[in-house]
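If you want the building blocks of each chain, they are given just below.
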Amino acid sequence: MQPADSVFMFVATALVWIMTPAIALFYGGMVKSKNVLSTAMYSFGSLAVVSVLWVLVGYSLAFSPSGNAIIGGLNWSGLHGVTFKPNADYSATIPHNLFMLFQMTFAIITVAIISGGFVGRMKFSAYLIFITAWCLLVYSPVAHWVWGVGGWLRNLGTLDFAGGNVVHISSGVAGLVLAIVLGKRKHSEAEVKHNLMLVLIGGSFLWLGWFGFNVGSALTLNNVAMTAFVNTNTAAACGMIGWTAVEWITNKKPSLSGAISGGVAGLVAITPACGFVETYASIIIGIVGGIVCFWAVTYLKTKLGYDDTLDAFGIHGIGGTWGGIATGLFATKAVNDAGANGVFYGDPSLILKQLTAIVATYIFVAVVSYVIIKVIQLFMPIRVDEEAEIKGLDITMHGEQAYID
């Protein structure tokens, strides 16, 4: 065990934890004031539910090597055997239970991101049941596929440094499924971002937390970690530039909310690639990420007619997809000898592996998420009634108001 690595990972874990309250602020500022508290509660609900599930069985299903290629075993349930002693399969220089906590923060933020697809119209009770099932039946299996010892995508040789597939594609696709099943918002023509300063604060803390998210995924402070650090900040800045430039050309004005969304798009896009690519590639990945996410949010959503309220799919799903593809193009062993060479470094097979991972994640997450929410719908209403939607979920669902006249 290396004390320096343990301190590094303790800080990284705390930074990723901050991302869930940050998403509450980021999402909360983008809705009407009558829904800001209910929007925040979706995020804090994930903090509570996933923290407990992860300790009980979620971590074991995701990372225990006693399972198979699809799902981990149950021998680490209740953290049995997950102690201060390092586990060489995952964290040879830090405590095993610290690695578990680091991965727990990933599961929490993934579930919180999903809520962006349906804020303002899903019952909190139905949401809690959904995320309980989704964490165990969707997140843990996908995490095992990609990162778990024996996982089939890990064995295939796909690359996902910090969660392009596991976090962003899975949350974006789940958010899209829920948005479609719940249906469009009523009376949404006057939808406004009620507090852009909350959006700015939340977006800033997301950017900060992302350093723990991406850099911490190296599990030690080495050359790969520092490359991920540089790439993460660079891609975020370039995502902001790409989104803002297109918005400026299209709408004649660069907006603050657009700039922040572009930064997040760049962060999403670089996540799977950050520890595998050179810095020049992070510039390309970030700029293209900002542009394609702007296109998804502005045009794709309108063209296809789905109501992804806060663009969980438009930013996380689309951005994560581009990031996975870009990893197959730009990855190089010169940055990380534990990775692989991509198309531009002489190995076209990596892009096929990346596409296999992306398609498999889309299909699995979409199907299982749909089944979960339809089963819940058999036993209880999942959408608030029209009166509650008009009055706002803060007062009708939680009995509180964020602002008092």
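Residues numbered from 1 in each chain as written. Predicted model: local features only at pLDDT ≥ 70, side-chain atom pairs only at ≥ 80, totals over all residues. Heavy atoms only, no water.

1. Quick look at the overall build of the protein
Just so we agree on the cut-off: To qualify as a helix, a DSSP run of H or I must reach at least 4 residues; to qualify as a strand, a run of E must reach at least 2; elements of each kind are numbered from the N terminus. The quantity called the radius of gyration is restricted to C-alpha atoms. Its globule counterpart is 2.2 Å times the number of residues to the power 0.38. Burial classes: relative accessible area under 20% of the type maximum marks a residue as buried, over 50% as exposed, and values in between as partly exposed (1.4 Å probe, protein chains only). In what follows, residue pairs with any heavy atoms lying within 4.5 Å of each other are defined as contacts. Per-residue and other accessible areas follow the Shrake-Rupley method at a 1.4 Å probe size, with only the shown protein chains counted as cover for residues. Charge assignment in this entry is limited to Lys and Arg as positive and Asp and Glu as negative, and neither His nor the chain termini are counted. To locate a charge, the coordinates of NZ of Lys, CZ of Arg, CG of Asp or CD of Glu are taken.
The helix and strand inventory of the protein stands at 14 helices and 0 strands. In summary, the protein has a C-alpha radius of gyration of 20 Å against a globular reference of 22 Å for 405 residues, a match within 12%. With respect to the three principal axes, the spread of C-alpha positions in the protein is 55 × 50 × 35 Å. Within the protein, the fraction of its 405 residues that count as buried is 59%. Within the protein, contacts between residues at least 6 apart in sequence are counted, and of these 76% link residues at least 24 apart. Accessible area for the protein stands at about 15200 Å²; split by element, carbon and sulfur atoms hold 69% of it. Here the protein contributes 19 positive and 19 negative side-chain charges, whose respective centroids are spaced 6 Å apart.

2. Section: the side chain of Thr 327
Following the sequence through the fold, Thr 327 ends up in helix H11 (residues 312-330). Not counting the four nearest positions on each side in its chain, Thr 327 is found in contact with Leu 159, Pro 272, Ala 273, Phe 276, Leu 350 and Gln 354.

3. As for the state of the cysteines
This is how it is decided: Throughout, a disulfide means two cysteine sulfur atoms within 2.5 Å of one another.
For the structure shown, the criterion picks out 0 disulfides. Sulfur of Cys 274: no disulfide; nearest cysteine sulfur belongs to Cys 238 and is 15 Å away.

4. So, the pattern of salt bridges
Pairs may arise between side chains of opposite charge once their charged atoms sit close together. Rules: For this analysis, a salt bridge means a side-chain nitrogen from Lys or Arg found within 4 Å of a carboxyl oxygen belonging to Asp or Glu.
Scanning all chains against the criterion turns up 4 salt bridges. Put simply, Asp 307 and Arg 185 hold a salt bridge, and the shortest N to O gap is 2.7 Å. Of this pair, Asp 307 sits in the loop between helix H10 (279-304) and H11 while Arg 185 sits in the loop between helix H6 (164-182) and helix H7 (196-215), placing them 122 residues apart in sequence. The two residues Asp 307 and Arg 185 agree in class, both being buried. We note a salt bridge from Glu 387 to Lys 391, for which the minimum N-O separation is 3.0 Å. Note that Glu 387 and Lys 391 are positioned in helix H13 (residues 386-391) at a spacing of 4 residues, about one turn of the helix. Classification of Lys 391 by relative accessible area gives partly exposed; the value is 48%.

5. Remarks on a nonpolar patch on the surface
Keep this limit in mind: Patches here are clusters of residues that have more than 30% relative accessible area and form no salt bridge, with a 9 Å joining cutoff for like charges and a 5 Å cutoff for nonpolar side chains (Val, Leu, Ile, Met, Phe, Trp, Tyr).
A surface patch of nonpolar side chains, amounting to about 840 Å² of accessible area, comprises Val 359, Ile 363, Val 367, Tyr 370, Val 371, Val 375, Leu 378 and Phe 379. Relative to the elements of secondary structure, Leu 378 occurs in helix H12 (residues 349-379). Assessed through its relative accessible area of 69%, Leu 378 is described here as exposed.

6. Observations concerning the packing of aromatic side chains
Note the following rule: Classification of ring pairs rests on two measures: the distance between centres of Phe, Tyr or Trp rings, Trp counted by its six-membered ring, which must be within 6.5 Å, and the angle between planes, read as stacked under 30 degrees, edge-to-face over 60 and tilted in between.
Evaluation of the coordinates by the stated rule reveals 28 aromatic pairs. Relative to Tyr 90, the ring of Phe 63 has its centre 5.3 Å away and its plane inclined at 90 degrees; by these criteria the two rings are edge-to-face. Of the two residues, Phe 63 is situated in helix H2 (residues 36-63) and Tyr 90 in the loop between H2 and helix H3 (96-114); the sequence distance between them amounts to 27 residues. Neither residue differs from the other here; Phe 63 and Tyr 90 are each classed as buried. Their ring planes at 10 degrees and their centres at 4.3 Å tell us that Phe 106 and Phe 213 sit as a pair that is stacked. Of the two residues, Phe 106 sits in helix H3 while Phe 213 sits in helix H7, which places them 107 residues apart along the sequence. Residue classification places Phe 213 among the buried residues on the basis of a relative accessible area of 1%.

7. Looking at the packing of H3 against helix H4 (residues 124-147)
Working note: a packed helix pair is described by the angle between its axes plus the distance between those axes. Stated precisely, the cut-off is as follows: Under this scheme, a helix contributes an axis fitted over its contacting stretch, all axes are lines through C-alpha atoms, and angles between N-to-C directions fall in the 0 to 180 degree range. Orientation is classified from the angle alone, with under 35 degrees giving roughly parallel, over 145 giving roughly antiparallel, 65 to 115 giving roughly perpendicular, and any other angle giving oblique. By definition, any crossing whose near helix is turned counterclockwise from its far helix by less than a right angle is left-handed, and any crossing with a clockwise turn is right-handed.
Contact pair H3 / H4: the axes reach a minimum separation of 10 Å and the direction vectors enclose 125 degrees. On the basis of their axis angle, the class for H3 and H4 is oblique. The crossing of H3 and H4 is right-handed. Along its contact with H3, which presents Gln 103, Phe 106, Ala 107, Thr 110, Val 111 and Ile 114, the element H4 presents Tyr 127, Ile 131, Trp 134, Tyr 139 and Trp 147.

8. Regarding the packing of helix H8 (residues 223-251) against H10
Where we set the bar: Under the scheme applied here, ten amino acids are nonpolar (Ala, Val, Leu, Ile, Met, Phe, Trp, Tyr, Cys and Pro), four are charged (Asp, Glu, Lys and Arg), and all others, including Gly, are polar.
For the pair H8 and H10, the least separation of the axes is 7 Å and the interaxial angle reads 40 degrees. It follows from the interaxial angle that H8 and H10 lie oblique. Remark: the crossing between H8 and H10 carries right-handed chirality. For the pair H8 and H10, the contacting residues are Val 230, Asn 231, Thr 234, Ala 235, Cys 238, Gly 239, Gly 242, Trp 243, Val 246, Glu 247 and Thr 250 in the first and Thr 279, Ser 282, Ile 283, Gly 286, Ile 287, Gly 290, Ile 291, Cys 293, Phe 294, Val 297 and Tyr 299 in the second. The class makeup of the residues in the contact of H8 with H10 is 12 nonpolar, 9 polar and 1 charged.

9. Focus: the nonpolar core
The line we're drawing: We call a set of buried residues a nonpolar core when its members are Ala, Val, Leu, Ile, Met, Phe, Trp, Tyr or Cys and they connect through side-chain atoms within 4.5 Å of each other.
Core analysis: the largest hydrophobic core is formed by 127 residues, its most contacted members being Tyr 59, Met 122, Trp 134 and Tyr 139. Setting aside residues no more than four positions away along its own chain, Trp 134 makes contact with Thr 110, Val 111, Ile 114, Tyr 139, Ser 170, Ser 171, Ala 174, Val 365, Ser 369 and Ile 372.

10. Some thoughts on the side chain of Ser 64
Stated precisely, the cut-off is as follows: N or O atoms within 3.5 Å of each other form a polar contact, as long as, within protein, one can give a hydrogen and the other can take it, and as long as residues adjacent in sequence are counted only when both atoms are side-chain atoms.
With respect to the helices and strands, the residue Ser 64 is situated in the loop between H2 and H3. In terms of polar contacts, Ser 64 uses its side chain to reach the side chain of Ser 66, at 2.9 Å. Ignoring sequence-local partners within four residues, the contact set of Ser 64 consists of Tyr 59, Gly 72, Gly 73, Asn 75, Trp 76 and His 144.

None of this, on its own, says anything about what the molecule does.
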